[in-house]
Amino acid sequence: TAVFRQVLLALERKTKKRIVVPYRDSKLTWLLKDSLGGTARTLMISTCSPTDSDLDETLCTLRVCQAARKIENAITPNEVVQSVEASP
């Protein structure tokens, strides 16, 4: 998850200036490249535990979600091109 967090932080900084996002550092971030920094709407769901033994992991999850909230994607709808059939 450290690589995932690095990608989210790089995407957050990318909105302010030109920066390289390290998608290739992890298979997960490479697969999610279009969703994270592309032109898609992305929903992130996280699970937090109320137990004391999972406090560190819950805080880490909340920090990652906070970084993900700051990412701004430029959403562009896909255009549907209909082909014109040639008349005989």
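Residues numbered from 1 in each chain as written. Predicted model: local features only at pLDDT ≥ 70, side-chain atom pairs only at ≥ 80, totals over all residues. Heavy atoms only, no water.

(A) Helix α4 (residues 55-69), seen in detail. An ideal rise of 1.5 Å per residue puts 21 Å on 15 residues; α4 measures up with 21 Å between its terminal C-alpha atoms. Buried within α4 are the following residues: T58, V64, C65 and A67. (Helix = DSSP H or I, 4+ residues; strand = E, 2+ residues; numbered from the N terminus. Expected span 1.5 Å × (residues − 1). Buried < 20%, exposed > 50% of the residue type's maximum accessible area, 1.4 Å probe, protein only.)

(B) Spotlight on the side chain of T58. By secondary structure assignment, the location of T58 is in helix α4. Each residue touching T58, except ones within four places of it in the same chain, is listed here: C48 and S49. (Contact = heavy atoms within 4.5 Å.)

(C) Spotlight on the side chain of T29. In this structure, T29 sits in helix α2 (residues 27-31). A polar contact of 2.7 Å, which involves the side chain of T29, links it to the backbone oxygen of Y23. (Polar contact = N/O pair within 3.5 Å; in protein donor to acceptor, adjacent residues only side chain to side chain.)

(D) Local environment of the nonpolar core. Within the largest apolar cluster, 11 residues are counted, these being F4, V7, L8, A10, L11, V21, Y23, L36, V64, A67 and I71. Where this core is concerned, the elements lending two or more residues are α1 (2-14) and α4. The dominant element in this core, judged by the number of residues it contributes, is α1, at five residues. Excluding residues within four positions of it along the chain, L8 makes contact with L36, V64, A67, A68 and I71. (Core = buried A, V, L, I, M, F, W, Y, C linked by side-chain atoms within 4.5 Å.)

(E) Spatial organisation of the layout of surface pockets. Looking at the largest pocket, its volume works out to about 580 Å³. Mapped by element, the contributors of at least two residues to the lining of the largest pocket are α1, α3 (33-37) and α4. The element that contributes the greatest number of residues to the lining of the largest pocket is α4, accounting for seven residues. (1 Å grid on protein atoms, 1.4 Å probe; cavity = no way out; pocket = protein on both sides within 12 Å on 5 of 7 lines; lining within 4 Å. Points joined across faces, edges and corners; volume = space filled by probe spheres on them.)

(F) Representation of the state of the cysteines. Tallying each qualifying case throughout the model produces zero disulfides. Free of any disulfide, C60 has its nearest neighbouring cysteine sulfur in C65, separated by 9.6 Å. Assessed through its relative accessible area of 31%, C60 is described here as partly exposed. (Disulfide = S-S within 2.5 Å.)

(G) Focus on the environment of R24. Tracing the backbone through its elements, the reader meets R24 in the loop between α1 and α2. Exposure remark for R24: the relative accessible area of 71% places this residue in the exposed category. On a C-alpha basis, the gap between R24 and V7 in space is 9.8 Å, while along the polypeptide they are 17 residues apart.

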